[in-house]
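Survey of secondary and tertiary structure
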Amino acid sequence: MTTTEDHLGTPPEIGGIGHNVRRVEDDRFIQGAGKYLDDVSLPGMLHMAILRSPVAHAELVSIDASEAEALDGVVAVITGEALAAHNLAWMPTLSGDTQAVLATDKVRFQGQEVAAVVATDPYIARDALSLIFVDYEELPAITNPMQAMEDGAPVIRTDKEDQTDNLAYEWEAGDKDATDQAFAGAAHVVTLDTHYPRSHPSPLETCGAVADINPATGEATIYLTSQAPHAHRTLFAIVAGLPEQNIRIISPDIGGGFGNKVPIYPGYVVATAASLLIGKPVKWVETRTENLISTGFARDYHMHGELAIDGDGRITAMRAHIRSDQGAFYADAQPTKFRAGLFHICTGSYDFPAAHVVAQGAYTNKAPGGVAYRCSFRVTEASYLIERLVQKAATTIGMDPAEFRMKNFIKPEQFPYHSPTGFVYDSGDYHTALQQAMDMVGYDELRAEQAQAREEGRLIGIGIASFTEVVGAGNSKEYDIAGLKMFDSAELRVHPTGKAILKLGVKTQGQGHETTFAQIVASELGIPASHIAVREGDTDNTPYGLGTYASRSTPVAGAATAVIARRLREKARKIAAHLLEAAPEDLEWSVDKFAVAGSPDRSVSIQDIAFAAYTNPPDGEEPGLEGVHYYDPPNMTYPFGSYIVVVEVDAETGEWKVLRMVAVDDCGVRINPMIVEGQIQGGLTEGFAKANMQWITFDDDGNCIGSNFMDYLVPTAWETPRFELGETVTPSPHHPIGAKGVGESATVGSPAAYVNAVVDALSHLGVDNIDMPVLPHRVWSAVKEADGG
Amino acid sequence: MNVNVTINGAETSADIEPRTLLVDFIRTDAGLTGTHIGCDTTSCGACTVLLDGVPVKSCTLFAVQANGRSVQTVEGLKQDGSLHPIQAAFKDSHGLQCGFCTPGMMMVGKALLEENASPSDDDVRWAISGNLCRCTGYMNIVKAIQQAGAMLAES
């Protein structure tokens, strides 16, 4: 194990990897000078608002827009029928399904897009919505996958010719026979049925678009709240039939993404179609309610899990059966070959030989778009299931849950570790991370305090989660989204004065790329980080990439950055050799210069070399110092960590309070520890949110309960726990700088720790599960039920 | 109707519909887009500005309610080319990530520090409990506001 300090290779004035460099992007944000989508204003720009279905399932009988069209200021009302004339009423989803842009035949979820108004003023556009009269003939709504998969359930996707039921996909991983055999010989079998509830990433900035199609040239400039601008450009070319060289996607400053801004939404397509038809720029910005009821939800996994345990307390096999609620259209943003995302990482941090996972997704009358909310493709659900099962297994066999984990962890010498579902874990040291968390929290003393508290009638619980994530997709052989291979790229230009510009295919949404990616270059080339501009988000001016989600920017674009910087350094060596009149192989690199081996005063700095690249290049050498690299990762990276939560539960009210939250994360080498810790604190808060309060529910008619921030609760500063952070550093052996990605670890790992803590507080009463969110009434009911009702 | 609001010391008047929200007046009529809109139910606080020195959520006030009054937005924090301590502290303490909630947080923080120069962790958390942040987990926002308090005390 190493620490961040062990990886410092540059002095603070250069500010390479490992330094707490303050963020350069902050300068504009703290002055109110960020430019987010809603800040884009173009001459002659029109405003669009969307009419949405008030019901979850209905035949669309008729739309009368005449009164809306007659309203002063209204330029156009667009319906599905109008889009159908341009073959735009339906669009492909990122999962290879189709999704209605504006409804033509039926509405299939409450909030579905039915018509759009384009007006000279946003207030008028909204006024006109109430003047559109739609006749719906209501149909019964299906609101969960079990209902959807019942025999004789009404088919939701009647638009699809071959669809005779509500099954959206079926997928499996692992070895069924080996798993069955292990279960047959098990001393104990532990089972858990749990629902990981529907949630919503709800970044503080909602989604939107400004489409500006020049009627004279056909050039389309589309501003989008996009985490993946290049992929969106290609999909726009395919969906709208626009020539790709004429499409420029600009993803401006993004007010948080968390997966919500990965899919293409109907509003983007309608705004673009409207600009195309009207010949003026069209802006659409959704309201918070629209964001919550219609854009990419997350989770909604009904999970059945089983662990087989031998007489010695070792896990021998795992089974999982998932029923996922996909909503009306299968619009998950995930790799093509993996229908349930990377859920099959559900064997977690534990070493056992057999596992079998079956996942079935069903269409329901709920919003589509199962995005990975701060998570690498369903890894959160997987981590939650195994960590809850492990807790239950330890309780069942009467072993301390920390001891049970230590006994079953994959050992450091087993890496690279081949998991029973097909992953190859790159590196890990799980025992050290858990031990560090236990030391930080004072685990043994806490257990004694817990016992004492129980005697006094107080309910203290200690919950552990020792998660392993899989992030940084691809390699491109196995991973693609809608056919686009999951590599990423970096273009680096060193200017004659020794300053540099780095352009990337990924897109920051708060992660601090403008700072951290400059630090990677600073480490590799010795150019101070403050002398390096980082550009992202404009497809005309950055190399192609699949975007920022699934914690992939550092593992993939970060690697591309290091590789291209190293390549430029090799070119710099030749220029230095020319300047020093020495052989390239006789030169040694140190921090920011090449020196002749054995004669350290015969040296040239990277700045001198950069100037020579443009003013005095060696004969036969291409002038300039720039290059682009497309990085195809050889494997994913596997961040891990151990979290320990201490709670006190009030059995009378069912409320619970976090007393301590200790988080030890290992994300490999930390580029900027300050930013890494900020990411972890944010992720721990979102994990707490899901464990404590945050969910979206529906009534039996498919009405969304949780359509605004008064019903969909997200934590404020008041409820949010204080976190105590620790680190171990186990570099990724295949990543050029040993980094693994961290943006999602805490959201993936922490929910189980919170729930395990509450369940642990009540375990002596016979409580063995409470589903998230662990609301007071659920705690209260669980205690009453365990007590015999 | 004509509305006149002093924003960051400059008089801004416009002929607007009576229903125009203050946040739209600030963003559209005054052209100051540092004040953001994150919800429309007074829940998130991204639109927080100071109205006669008091934090208000500008998405839930009509512009006409600010007629003849004084509004301060994030663009007014910097004075004579120098960042306000609350701005410097937000950067130094890593109190922001995506930056969308930041203007509202800083305005609330500034108002708090004017009443309580050295607030406790709980004081800050209570003061900002009407402002949501989805990125940071609040710890560094609390730290930033406390750091700004210390900086103000020194100056």
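Cut-off values and rules
Residues numbered from 1 in each chain as written. Chains lettered and ligands numbered in written order. Predicted model: local features only at pLDDT ≥ 70, side-chain atom pairs only at ≥ 80, totals over all residues. Helix = DSSP H or I, 4+ residues; strand = E, 2+ residues; numbered from the N terminus. Rg over C-alpha atoms; globule rule 2.2 N^0.38 Å. Buried ≥ 20, exposed ≤ 12 C-beta atoms within 10 Å, placed from the backbone. Contact = placed C-beta atoms within 7 Å. Pairing = 2+ DSSP bridges. Axes fitted to C-alpha atoms, helices over the stretch in contact; angles between N-to-C directions. Nonpolar A, V, L, I, M, F, W, Y, C, P; charged D, E, K, R; others polar. Expected span 1.5 Å × (residues − 1). pLDDT = per-residue confidence, 0-100. Parallel < 35°, antiparallel > 145°, perpendicular 65-115°, else oblique. Left-handed = near helix turned anticlockwise from the far one by under 90°. Core = buried A, V, L, I, M, F, W, Y, C linked by C-beta atoms within 7 Å.

Brief notes about the overall build of chain B
Counting its regular elements, chain B contains 5 helices and 5 strands. The C-alpha radius of gyration of chain B comes to 15 Å, within 12% of the 15 Å expected for a compact globule of 155 residues. For the C-alpha atoms alone, the extent of chain B along its principal axes is close to 45 × 35 × 25 Å. Burial status across chain B gives 55% buried among its 155 residues.

Regarding the overall build of chain A
The number of helices and strands found in chain A is 19 helices and 34 strands. The C-alpha radius of gyration of chain A comes to 27 Å, within 12% of the 28 Å expected for a compact globule of 789 residues. Its C-alpha atoms put chain A at 85 × 75 × 50 Å along the principal axes. Taken across its 789 residues, chain A has 60% of its residues classed as buried. Pairs at least 24 residues apart make up 78% of the contacts formed inside chain A by residues separated by at least 6 positions.

Concerning the sheet that holds strand E17 (residues 354-363) of chain A
Residue and element names in this part refer to chain A. In spatial order, the strands read E9-E17-E16-E15-E10; together these 5 strands make up an open sheet with mixed pairing. The sheet is open, and its two borders are formed by strand E9 (167-174) and strand E10 (188-199), each paired with just one other strand. Within this sheet the neighbouring strands show an average axis-to-axis angle of 10°, counted without direction.

Some words on the interface of chain B and chain A
Taken together, the contact pairs 41 residues of chain B with 42 residues of chain A. Per element, the largest residue contribution to the side of chain B that touches chain A is 4 residues, and it comes from helix H2 (residues 85-92) of chain B. Taken together, the residues that form the side of chain B that touches chain A break down as 18 nonpolar, 15 polar and 8 charged.

Focus: helix H8 (residues 266-278) of chain A
All names here are of chain A. If you check H8, its first and last C-alpha atoms are 18 Å apart, about what 13 residues at 1.5 Å a residue would give, namely 18 Å. Where burial is concerned, most of H8 is hidden: 10 out of the 13 residues are buried. For H8, the full list of buried residues reads Pro 266, Gly 267, Tyr 268, Val 269, Val 270, Ala 271, Thr 272, Ala 273, Ala 274 and Ser 275. One or two positions beyond H8, positive phi appears at Gly 279, with a value near 85°.

What about unusual backbone geometry?
All names here are of chain A. Going from Phe 415 to Pro 416, the amide bond is cis rather than trans, its omega being -5°. Within the secondary structure, Pro 416 is located in the loop between helix H11 (401-408) and strand E18 (417-418). Although it is not a glycine, Ala 550 sits at a positive phi angle of roughly 55°. Within the fold, Ala 550 resides in the loop between strand E25 (532-535) and helix H15 (553-580). Among the residues examined, Ala 550 registers 35 C-beta atoms within 10 Å and is labelled buried.

Examining the sheet that holds strand E1 (residues 2-7) of chain B
All names here are of chain B. Here we have 5 strands laid out as an open sheet, ordered E2-E1-E5-E3-E4, and mixed in their pairing. Taken across any chain shown, the strands that pair with only one partner, and hence form the sheet edges, are strand E2 (10-15) and strand E4 (54-57). Taken pair by pair, the neighbouring strands of this sheet meet at an average axis angle of 40°, ignoring direction. Contacts from helix H3 (residues 102-115) reach strand E3 (48-51) and E4, with the element oriented near 35° to E3.

Topic: the confidence of the model for chain B
Taken over all residues, the pLDDT of chain B has a mean of 97, while the share at 70 or more is 100%. Two summary scores accompany this predicted model of the complex, namely pTM at 0.98 and ipTM at 0.99.

Side note on the packing of H2 of chain B against H3 of chain B
All names here are of chain B. Closest axis-to-axis distance for the H2/H3 pair is 10 Å, and the angle between their directions is 125°. The angle between H2 and H3 falls in the class oblique. Considering only the axes of H2 and H3, their crossing is right-handed. Across the interface between the two elements, Ile 86, Gln 87 and Phe 90 of H2 pack against Thr 102, Met 106, Gly 109 and Lys 110 of H3. Looking at the contact of H2 with H3 residue by residue, the classes come out as 3 nonpolar, 3 polar and 1 charged.

Brief notes about the nonpolar core
Of all hydrophobic cores here, the largest spans 308 residues; its most connected members are Met 48 and Val 758 of chain A. Residues contacting Val 758 of chain A, with those up to four places away along its chain left out, are Gly 461, Val 647, Val 649, Trp 656, Ile 770, Val 774 and Val 779 of chain A.

Section: the pairing of strand E11 (residues 208-213) of chain A
All names here are of chain A. Counting buried positions along E11 yields 6 of 6 residues, so the element is predominantly enclosed. In terms of strand pairing, E11 meets strand E14 (residues 282-285) through 4 bridges, oriented antiparallel. Bridge pairing links Ala 211 to Val 282 in E14. The pairing of E11 with strand E12 (residues 220-224) spans 5 bridges and is antiparallel. If you follow Ala 211 over to E12, its bridge partner there is Ile 222.

Focus on the packing of H15 of chain A against helix H16 (residues 606-615) of chain A
All names here are of chain A. H16 packs onto H15 with a crossing angle of 90° between their chain directions and a minimal axis gap of 9 Å. As far as their axial angle goes, H16 and H15 are roughly perpendicular. Between H15 and H16, the residues in contact are Ala 572, Ile 575, Ala 576 and Leu 579 and Ile 606, Asp 608, Ile 609, Ala 612 and Ala 613, respectively.

Digging into the pairing of strand E20 (residues 459-468) of chain A
Residues and elements named next belong to chain A. With 10 of 10 residues buried, E20 lies mostly within the body of the structure. Of the two faces of E20, both are covered, the one formed by Leu 459, Gly 461, Gly 463, Ala 465 and Phe 467 as well as the one formed by Ile 460, Ile 462, Ile 464, Ser 466 and Thr 468. In this structure, E20 lies alongside strand E30 (residues 640-649), joined through 10 bridges in antiparallel fashion. Bridging across to E30, Phe 467 finds its partner in Gly 641.

Side note on the environment of Ile 322 of chain A
All names here are of chain A. Mapped onto the secondary structure, Ile 322 falls in strand E16 (residues 315-327). Expressed as a C-alpha distance, the spacing of Ile 322 and Gly 305, which sit 17 residues apart in the sequence, is 8.5 Å. Setting aside anything within four residues of it in sequence, one finds Ile 322 in contact with Tyr 301, Met 303, Ala 340, Phe 343, Ala 359 and Gln 360.

Considering the environment of Tyr 268 of chain A
Residue and element names in this part refer to chain A. Here Tyr 268 shows up in helix H8. A tally of 27 C-beta atoms within 10 Å means that Tyr 268 is categorised as buried. Separated by 46 residues in the primary sequence, Tyr 268 and Ile 222 place their C-alpha atoms 8.9 Å from one another. Sequence-distant contacts of Tyr 268, defined by excluding residues within four places in its chain, comprise Ala 209 and Leu 224.

Side note on the environment of Val 604 of chain A
Residues and elements named next belong to chain A. Structurally, Val 604 can be placed in strand E28 (residues 599-605). Among the residues examined, Val 604 registers 21 C-beta atoms within 10 Å and is labelled buried. As a C-alpha pair, Val 604 and Phe 415 span 189 residues in sequence and 42 Å in three-dimensional space. The contacts of Val 604, once residues within four sequence positions are left out, are Ala 576, Leu 579, Leu 580, Lys 593, Phe 594 and Ile 609.

Comments concerning helix H7 (residues 229-240) of chain A
All names here are of chain A. Between its first and last C-alpha, H7 extends 16 Å over 12 residues, near the 16 Å set by a 1.5 Å rise per residue. Judged by how many residues are buried, H7 sits mostly within the fold: 9 of 12 residues are covered. For H7, the full list of buried residues reads Pro 229, His 230, Ala 231, His 232, Arg 233, Leu 235, Phe 236, Val 239 and Ala 240. Buried residues along H7 sit in contact with strand E4 (90-92), E12, strand E13 (247-250), H8, strand E21 (480-481) and strand E22 (484-485). Positive phi shows up at Gly 241, right after H7, with a value of about 70°.

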